[in-house]
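Structural description and commentary
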Amino acid sequence: MLVSCPRFGCIPEEMDMHGMGSMASPHEAKASPSMDDGMKKMAVHMTFFWGKDGNILFSGWPGTSTGMYALALLLIFALAILVEFLYRCQLVREQPSSLFGSLLRTVAHAVRVGLAYLIMLALMSFNGGVFLVAVLGHAVGFLFFGSGVFRKLESPPYVKASDPIAGGC
C-alpha cells in the first residue's frame, strides 16, 4: 500500500528489511483514495532523466513547454557563467581596510554564494540537460575569467597567479 505525499511522491507504507523502503517509479505512482481531487501528484526523480517535462527551481516551471525548458537551460547556463565571473574577478580594487570596499566585496560574495546554491537546487531536479548546461556554463566562465586566455601576459610582481581573485577581469 502506498502512502500519498503530494510534495515528494509516493512512499511505500511497508519498509524493506534495511529500513530504506523503495520509491515507486513516477509512472507507477497512483493517487490514494484519501488524496483531494484538487491536488496534483508530483513525480519525483531519484536518478538522472532526460526530458523537458519536469520542475526546475519552481513548481510547474518549465512544465511541458519546449520553449520554457530551453529558457530554463539558458538561465542556468548564464547563472553558472556569472558565478565564475564573480569568483574570478576582483570587482572592488580599494584598500582592504576600506569599510566601503569590504562591504562591496561581502555583498559580491553573498550574491556569488546565493547564485551557486540556486544552481545546486536546479541540479537537484536530476535533469540531465540541466546538469550538462551547468557544467558547460562553469567551463565557459572559467575559460573567459579564470584560465588567463584573454588576460594580458604581464601581471604585477606582487600578484600570485594562483590567487583566484587577484587577476582581475
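Small disclaimer: the values here were computed from a predicted structure and weren't measured. (Residues numbered from 1 in each chain as written. Predicted model: local features only at pLDDT ≥ 70, side-chain atom pairs only at ≥ 80, totals over all residues. Heavy atoms only, no water.)

Attention now moves to the nonpolar core. Formed by 16 residues in total, the largest nonpolar core has its most connected members in Ile56, Leu73, Ile76, Leu115, Ile119, Ala122 and Val130. Mapped onto this core, the elements with two or more residues apiece are helix 1 (66-88), helix 2 (99-123) and helix 3 (128-145). Ranked by residues supplied to this core, first place goes to helix 1 with eight residues. Apart from residues lying up to four places away in sequence, Ala122 is in contact with Ile56, Leu57, Ile76 and Val130. (Core = buried A, V, L, I, M, F, W, Y, C linked by side-chain atoms within 4.5 Å. Buried < 20%, exposed > 50% of the residue type's maximum accessible area, 1.4 Å probe, protein only. Helix = DSSP H or I, 4+ residues; strand = E, 2+ residues; numbered from the N terminus. Contact = heavy atoms within 4.5 Å.)

Now for the pattern of salt bridges. Counting across every chain of the model gives one salt bridge. Residue Glu84 pairs with Arg88 through a salt bridge whose shortest N-O separation is 3.4 Å. On the criterion of helical spacing, the pair formed by Glu84 and Arg88 is a turn pair, its members being four residues apart in helix 1. Like Glu84, the residue Arg88 is buried in the burial classification. (Salt bridge = Lys/Arg side-chain N within 4 Å of Asp/Glu carboxyl O.)

Now for helix 3. Taking 1.5 Å as the rise per residue, helix 3 with 18 residues should run 26 Å; its terminal C-alpha atoms sit 26 Å apart, in good agreement. Every buried residue of helix 3 is listed here: Gly128, Gly129, Val130, Val133, Ala134, Gly137, Val140, Gly141 and Phe145. Where the residues of helix 3 are buried, they touch helix 1 and helix 2. Between the side-chain oxygen of the N-cap and the backbone nitrogen of Gly129 there are 2.8 Å, and the N-cap of helix 3 in question is Asn127. (Expected span 1.5 Å × (residues − 1). Polar contact = N/O pair within 3.5 Å; in protein donor to acceptor, adjacent residues only side chain to side chain.)

What follows covers the side chain of Asn127. Its place among the elements puts Asn127 in the loop between helix 2 and helix 3. The buried category is assigned to Asn127, whose relative accessible area is 2%. A polar atom in the side chain of Asn127 sits 2.7 Å from the side chain of Tyr69. Not counting chain neighbours up to four residues away, the residues in contact with Asn127 comprise Phe48, Phe49, Gly51 and Tyr69.

A few words now on the packing of helix 2 against helix 3. At a minimum axis separation of 9 Å, helix 2 and helix 3 run at an interaxial angle of 150°. Between helix 2 and helix 3, the interaxial angle falls into the category roughly antiparallel. Handedness of the helix 2/helix 3 crossing: left-handed. Contacts between helix 2 and helix 3 involve Ile119, Ala122 and Leu123 on the former and, on the latter, Val130, Phe131, Ala134 and His138. A breakdown of the residues in the contact of helix 2 with helix 3 according to their chemical character gives six nonpolar, one polar and no charged. (Axes fitted to C-alpha atoms, helices over the stretch in contact; angles between N-to-C directions. Parallel < 35°, antiparallel > 145°, perpendicular 65-115°, else oblique. Left-handed = near helix turned anticlockwise from the far one by under 90°. Nonpolar A, V, L, I, M, F, W, Y, C, P; charged D, E, K, R; others polar.)

This part is about the UniProt feature "transmembrane region" (unreviewed entry) in the protein chain. UniProt records the feature "transmembrane region" (unreviewed entry) for residues 67-87, 99-124 and 130-150 in the present numbering. Span residues 99-124 is 96% helix and 0% strand, its end C-alpha atoms 37 Å apart. Counted over residues 130-150, helix gives 76% and strand 0%. Its end C-alpha atoms are 27 Å apart. (UniProt positions renumbered as here; feature names shortened; annotations may be inferred.)

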